[in-house]
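Take a look at the letters that make up each chain.
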Amino acid sequence: MKKRITILKANITENKLLLETNEPVSGLVPGEQILVDSEEYSFIYLMEGQKDYSFIVLTEDIWPILKTAKEQEIPVWVTFNEEQTELINFHDEFEYVISNVKGNSNYGNEMVTKVEGIF
C-alpha cells in the first residue's frame, strides 16, 4: 500500500526549501519523479521504500513557496524532526510537469487554471 506523506509546513532556510512532514522519511529514497493528482489539486513527489512507494503530497497551499524555490533554484528537502533528505532532480521534474499541465485540459480545467494562476 502506498503511503501519503503530508507537508505540515514549508519554509526557506539557509538556502534550502524545507518541507516538514507529518512522519519519518528515513529509509525512503528519492524517486526523482513528480506526478499530478488533479482530483486533489496537488503534485506528488515519489519516494521509494523497500516494498512500495511513498507519496510526498505537495498541496496547492505550498505552491507559492515552490514557485519561489523553482525561480531561485533553491534545493528542496523533506524533513521530519532532525532527518533531512534532498528531493533529487526536483526542479527539472517540476518544470516538466508544470509545462505539461499548462493548457492541457486532460488534467481538468480547474487544475489547469490553478497551475497557470501560480506558475
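As a starting point, this report considers the structure included with it. (Residues numbered from 1 in each chain as written. Predicted model: local features only at pLDDT ≥ 70, side-chain atom pairs only at ≥ 80, totals over all residues. Heavy atoms only, no water.)

**Side note on the packing of aromatic side chains**
Here is step 1 of the chain: All told, the structure shown has 7 aromatic pairs when counted by the stated rule.
Here is step 2 of the chain: Taken together, a centroid distance of 6.4 Å and an interplanar angle of 75 degrees make the contact between F43 and F119 edge-to-face. You can see F43 sitting in strand β4 (residues 42–48) and its partner F119 sitting in the segment after α3 (109–118), a full 76 residues away along the chain.
Here is step 3 of the chain: We classify F119 as buried; its relative accessible area is 17%.
Here is step 4 of the chain: The structure contains a cluster of three or more aromatic residues connected by ring pairs, namely F43, Y45, W63, F90, F94 and F119.
Here is step 5 of the chain: Residue placement shows K16 over the ring face of W77; its charged tip is 4.1 Å from the ring centre. (Phe/Tyr/Trp six-rings, centres within 6.5 Å; stacked < 30°, edge-to-face > 60°. Helix = DSSP H or I, 4+ residues; strand = E, 2+ residues; numbered from the N terminus. Buried < 20%, exposed > 50% of the residue type's maximum accessible area, 1.4 Å probe, protein only. Lys NZ or Arg CZ within 6 Å of the ring centre and 35° of its normal.)

**Thoughts on the sheet that holds strand β2 (residues 16–21)**
Here is step 1 of the chain: Read across the open sheet, the 7 strands follow the order β3-β4-β5-β1-β2-β6-β7; overall the sheet is mixed. Here the strands that pair on one side only, and so sit at the sheet edges, are β3 (29–37) and β7 (83–86). Between one strand axis and the next, the sheet turns through 35 degrees on average, direction left out of account.
Here is step 2 of the chain: One ladder, built from 6 bridges, connects β3 with β4; its direction is antiparallel. Residue pairing for β4: V29 is matched across the bridge by E48.
Here is step 3 of the chain: Helix α2 (residues 90–101) contacts β3, β4, β5 (53–59) and β6 (76–80) of the sheet and is inclined by roughly 15 degrees relative to β3. (Pairing = 2+ DSSP bridges. Axes fitted to C-alpha atoms, helices over the stretch in contact; angles between N-to-C directions. Contact = heavy atoms within 4.5 Å.)

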